[in-house]
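Residue-level structural notes
Given next are the chains, with one letter for each unit.
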Amino acid sequence: MKAKYAVIAFVSALFVLICQPCLLPNSSPVIADDGVVARLTVEQLYEEFEANEVAADLKYEGKFIEVSGTLDHIGKDLMGTAYVRLYSSRGTLNDLLCFFDEANEYQVAPLVKGQDATVRGKYTSSINYPVLKQCVVVYPTPPPAPTVPAESEQRDTAGKDDKCFIATAVYGTPAAQEIDILREFRDQVLLNSMLGTKLVHFYYKISPPLAESISKHSWLKTLVRDFFVDPAVTVLEHTKTLWLE
């Protein structure tokens, strides 16, 4: 048991140093309006959560809800997953994190910080913080889904729009296998503890300028990969049975 907590503490510390957060499952759900169980503001959601966390989890866990609020941040995490933060008057660490699958990230592109928005997603509980996954934008009305380019066009454009992907900057591709273990650790461990969830929220606050620096400097890419990300991946791979218990 001590070994398990030592592994979690070590990897979590590395994640903070390199500003890790997430990577979500690469699913692309089609969410129907009749699947929405509640429509709330950010403040209303947190009022329910803080009044009785157990009751809120039982009411919403695994179900799709719509939440409205003001966009406090728009960006991508370590693995290139698009997300938005909806502002909470309770402070930045209580902003609502909303994650988008790759197939729906085009909906995030037109959004602007400070804009009012409504997001629909699957409620996922973590200690002290609710999170929405598999999100889509309800308001403002998102643009039409982009058409899938032909295979030849994909080859021609590959690598031309990677500067926003920290994972691409570190590993050379957003599909690197190393990303899967980081994603799994985030979902199975970090977001299921109060400290881990706070670390993830902290990342989303400070990561944008760091991500930009990593993408611009090859020496920094090498430093982050060789001394932070790779060691974290190695530890997680060799201790997976411990932290999945």
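Residues numbered from 1 in each chain as written. Predicted model: local features only at pLDDT ≥ 70, side-chain atom pairs only at ≥ 80, totals over all residues. Heavy atoms only, no water.

**Notes on the overall build of the protein chain**
Secondary structure assignment for the protein chain yields nine helices and six strands. In the protein chain, which comprises 245 residues, the share counted as buried stands at 45%. Here the contacts in the protein chain between residues at least 6 apart in sequence split such that 73% fall between residues at least 24 apart. Carbon and sulfur atoms make up 57% of the accessible area of the protein chain, which amounts to about 12,200 Å² in all. (Helix = DSSP H or I, 4+ residues; strand = E, 2+ residues; numbered from the N terminus. Buried < 20%, exposed > 50% of the residue type's maximum accessible area, 1.4 Å probe, protein only. Contact = heavy atoms within 4.5 Å. Areas by Shrake-Rupley, 256 points an atom, 1.4 Å probe, with all protein chains shown as cover.)

**So, helix H2 (residues 42-51)**
Along H2, the residues classified as buried are Val42, Leu45, Tyr46 and Phe49. For H2, the angular spread of buried residues about the axis comes to 95 degrees, placing them on one side. (Arc of directions from axis to C-beta.)

**Overview of the pattern of salt bridges**
Evaluated as defined, the whole model comprises eight salt bridges. For Lys59, the salt bridge is made with Glu48, and the minimal N-O distance between the two is 3.4 Å. Separated by eleven residues along the polypeptide, Lys59 in helix H3 (residues 53-60) and Glu48 in helix H2 bring together distant segments of the chain. Exposure remark for Lys59: the relative accessible area of 43% places this residue in the partly exposed category. Residue Glu48 is classed as partly exposed on the basis of its relative accessible area of 26%. Between Glu66 and Arg120 there is a salt bridge, with its nearest N and O atoms 2.7 Å apart. Of this pair, Glu66 sits in strand E2 (residues 64-76) while Arg120 sits in strand E5 (residues 116-126); the two residues are 54 residues apart in sequence, bridging distant segments of the chain. Since its relative accessible area comes to 7%, Glu66 is described here as buried. Salt bridges linked by common partners bring Arg39, Glu66 and Arg120 together as one network. (Salt bridge = Lys/Arg side-chain N within 4 Å of Asp/Glu carboxyl O.)

**Here we look at the packing of aromatic side chains**
Going through the model one piece at a time under the given rule, you end up with three aromatic pairs. Relative to Tyr123, the ring of Tyr60 has its centre 5.6 Å away and its plane inclined at 50 degrees; by these criteria the two rings are tilted. With Tyr60 in helix H3 and Tyr123 in strand E5, this pair connects stretches of sequence that are 63 residues apart. Here Tyr60 matches Tyr123 in class, with each residue buried. For the pair Phe185 and Trp243, a centre-to-centre distance of 5.2 Å together with 85 degrees between the ring planes defines the contact as edge-to-face. Residue Phe185 is found in helix H6 (residues 178-188), and its partner Trp243 is found in helix H9 (residues 240-243); the two are separated by 58 residues along the sequence. (Phe/Tyr/Trp six-rings, centres within 6.5 Å; stacked < 30°, edge-to-face > 60°.)

**Points about the packing of H2 against H3**
For the pair H2 and H3, interaxial distance at closest approach is 5 Å and the crossing angle is 120 degrees. Between H2 and H3, the interaxial angle falls into the category oblique. Of the residues in H3, those touching H2 at Leu45, Glu48, Phe49 and Ala51 are Glu53, Ala56, Asp57, Lys59 and Tyr60. The class makeup of the residues in the contact of H2 with H3 is five nonpolar, no polar and four charged. (Axes fitted to C-alpha atoms, helices over the stretch in contact; angles between N-to-C directions. Parallel < 35°, antiparallel > 145°, perpendicular 65-115°, else oblique. Nonpolar A, V, L, I, M, F, W, Y, C, P; charged D, E, K, R; others polar.)

**Here we look at the environment of Gly69**
Within the secondary structure layout, Gly69 lies in strand E2. Taking the C-alpha atoms as reference, Gly69 lies 9.0 Å from Leu40; in sequence the two are 29 residues apart. Excluding its chain neighbours within four sequence positions, the residues that come into contact with Gly69 are Val42, Leu86, Gln115, Asp116 and Ala117.

**Here's the deal with unusual backbone geometry**
In terms of backbone geometry, most residues other than glycine have negative phi values and most peptide bonds are trans. A cis amide bond, omega -5 degrees, links Tyr139 with the succeeding residue Pro140. Relative to the assigned elements, Pro140 resides in the loop between strand E6 (129-139) and helix H4 (151-157). If you check the backbone angles, Gln134 has positive phi at about 55 degrees while not being a glycine. Residue class for Gln134 comes out buried when judged on its relative accessible area of 16%.

**Brief notes about the packing of H6 against helix H8 (residues 218-238)**
For the pair H6 and H8, the least separation of the axes is 10 Å and the interaxial angle reads 70 degrees. Between H6 and H8, the angle falls in the class roughly perpendicular. The chirality of how H6 crosses H8 is left-handed. On H8, the residues that touch Glu178, Ile181, Leu182 and Phe185 of H6 are Val229, Val233, Leu236 and Glu237. A class-by-class count of the residues in the contact of H6 with H8 yields six nonpolar, no polar and two charged. (Left-handed = near helix turned anticlockwise from the far one by under 90°.)

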